[in-house]
Amino acid sequence: MRKEMATYVESLEHQRKLYKRTLVIVVLSQVFGGAGLAAGITVGALLARDLLGTDAYAGVPTALFTLGSAAAAFLIGLMSQRVGRRFGLATGFLTGAVGAFGVIVAATFESVPLLFLSLLIYGAGTATNLQARYAGTDLANATERATAVSIAMVSTTLGAVAGPNLVEPMGRVAAGLGLPTLSGPFLLAGVAYLFAGLILLAFLNPDPLLVARAIEAKRKETTSAAQPVEAAHSHRGVYVGAFVMVLSQIVMVAIMTMTPVHMRHHGHELGAVGLVIGFHIGAMYLPSLVTGILVDRIGREVMAIASGVTLFLAGVVAAFAPADSLFFLIVGLVLLGIGWNFGLISGTAILVDATTTETRAKTQGSVDVWIALSGASGGMLSGVIAAQSSYLTLSLLGGVVSLILVPLVLWYRRQLA
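Residues numbered from 1 in each chain as written. Predicted model: local features only at pLDDT ≥ 70, side-chain atom pairs only at ≥ 80, totals over all residues. Heavy atoms only, no water.

## A short note on the layout of surface pockets
Let me state the cut-off plainly: The rule is simple: put a 1 Å grid over the protein atoms alone, call a set of points where a 1.4 Å probe fits but cannot get out a cavity, call an open set with protein on both sides within 12 Å along at least five of seven lines a pocket, and count a residue as lining if it has an atom within 4 Å of a point. Grid points are joined across faces, edges and corners, and a volume is the space filled by probe spheres set on the points. Numbering of helices and strands runs from the N terminus; a helix is a DSSP stretch of H or I covering at least four residues, while a strand is a stretch of E covering at least two. Amino acids are sorted into nonpolar (Ala, Val, Leu, Ile, Met, Phe, Trp, Tyr, Cys and Pro), charged (Asp, Glu, Lys and Arg) and polar (every other residue, Gly among them).
Estimates place the volume of the second largest pocket at around 160 Å³. Along the walls of the second largest pocket sit Ile250, Val251, Ala254, Ser377, Gly378, Leu381, Ser382, Ile385, Leu394, Leu397, Gly398 and Val401, which together make up its complete lining. Looking at the lining of the second largest pocket, the elements that each hand over two or more residues are α11 (235-265), α16 (360-388) and α17 (391-402). Here the lining of the second largest pocket takes 5 residues from α16, the largest share from any one element. A class-by-class count of the residues in the lining of the second largest pocket yields 8 nonpolar, 4 polar and no charged.

Printed below as a string of structure tokens:
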């Protein structure tokens, strides 16, 4: 193992080959991971409404699997820091699969406690799907980190878009097996997360983070203290990058969570709900290749500001879209996905720039905890706000809050000057 590691440390050509190979493996795992991610988003709120008999707690599933995601993010980050991305990410996906199968059992026996517990465990898959974006950056150059993140994210699109649009077919599969219709997407999620975990476990070797750590250690040995390999940014970069991602997450989750319930209240069929959410998830991931290039070329801060503005527009469109208009609902949710995409990739790039391999995975895991907790807050509050006021109020509030990113990032940019 040491000899193999030395090969990558000494050879730039081998490093580049491993970088490209890592991206291919991450892409394959993310295709399956995206399908697993989509299940809870599409029917989680509807399943809770059926079991609990009220809309007021329709945001609970999103809150639960994002809370589970928070705990998993920390543990995956810690595990990745200690033993590498391979075991950390594979463990996360396999745990998510256990949670998805648990949801099916809970729905079958109409057990609310088991449903809640399973959704917490299912959140591990969501956390892993998000953390996989970091694996591509470990061996990337500073000028291609955002592009590496975007490649990992765009590969999620195939599974993430297909997932919501398989709601009805998977419902029929579930019914044919004697299971509740709404448990069908979780059947898909369990299998998808299982495959994603096994791909990483089998093929993500040598581990990119361990190789990057060895490369950095070697450079430090041959570089004087007066000329550090890479000047560390202040903690300000970690905080700003984290805030951009957290705010994007809370706004996106809040509006997205209540959209299926809002649509069902106004007579839209389950297939229409799946179509809107499918467009939304596609918009979350499909622009990633372009977004990554833009973040690397025109700057992290510019794209972070673009995130705030786009999320504001999404909130306005979603708020004033006619309830019976599938087109305008799609436009609003597409803008919501794009704004989140801008925020996540620009925020991730800011964060990676501000860390070194010695603490990177642990810091990334800790930040993803806050991202997950913000999503949980958005999911929980969204149902309460919509029930006490309206979907219009919820969407407008989310849009206005997003504008906080503009002055924050402008301030950060001045600090860098």
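## Comments concerning the nonpolar core
Basically, it comes down to this: What is meant by a nonpolar core is a set of buried Ala, Val, Leu, Ile, Met, Phe, Trp, Tyr and Cys residues, joined one to another through side-chain atoms within 4.5 Å. Accessibility here uses a 1.4 Å probe with only protein chains present; expressed as a share of the type maximum, an area under 20% marks a residue as buried, one over 50% as exposed, and anything in between as partly exposed. Whether two residues touch is decided by their heavy atoms; if any such pair falls within 4.5 Å, the residues are in contact.
Formed by 94 residues in total, the largest nonpolar core has its most connected members in Phe186, Leu336 and Trp340. Counting residues per element, this core draws most heavily on α11, at 13 residues. With residues up to four places along the chain from it excluded, the contact list for Trp340 reads Leu130, Met153, Ser248, Gln249, Met252, Met284, Tyr285 and Leu311. With 12 residues, the next largest nonpolar core counts Tyr8, Val9, Leu23 and Ala140 among its residues.

## A closer look at the packing of aromatic side chains
What counts here: Here the aromatic set is Phe, Tyr and Trp, taking the six-membered ring for Trp, and pairing holds for ring centres within 6.5 Å; pairs whose planes are under 30 degrees apart are stacked, those over 60 apart are edge-to-face, and all others are tilted.
The full count for this structure, using the stated rule, is 6 aromatic pairs. Relative to Phe195, the ring of Phe32 has its centre 5.4 Å away and its plane inclined at 20°; by these criteria the two rings are stacked. In this pair, Phe32 is assigned in helix α2 (residues 12-52) and Phe195 in helix α9 (residues 184-203), connecting sequence segments 163 residues apart. For Phe32, a relative accessible area of 32% puts it in the partly exposed group. Considering the side-chain rings of Tyr122 and Tyr193, the 5.8 Å spacing of their centres and the 45° angle between planes classify their relative orientation as tilted. You can see Tyr122 sitting in helix α5 (residues 112-135) and its partner Tyr193 sitting in helix α9, a full 71 residues away along the chain. For the pair formed by Tyr122 and Tyr193, the shared burial category is buried.

Read these as spatial facts, not as claims about activity.
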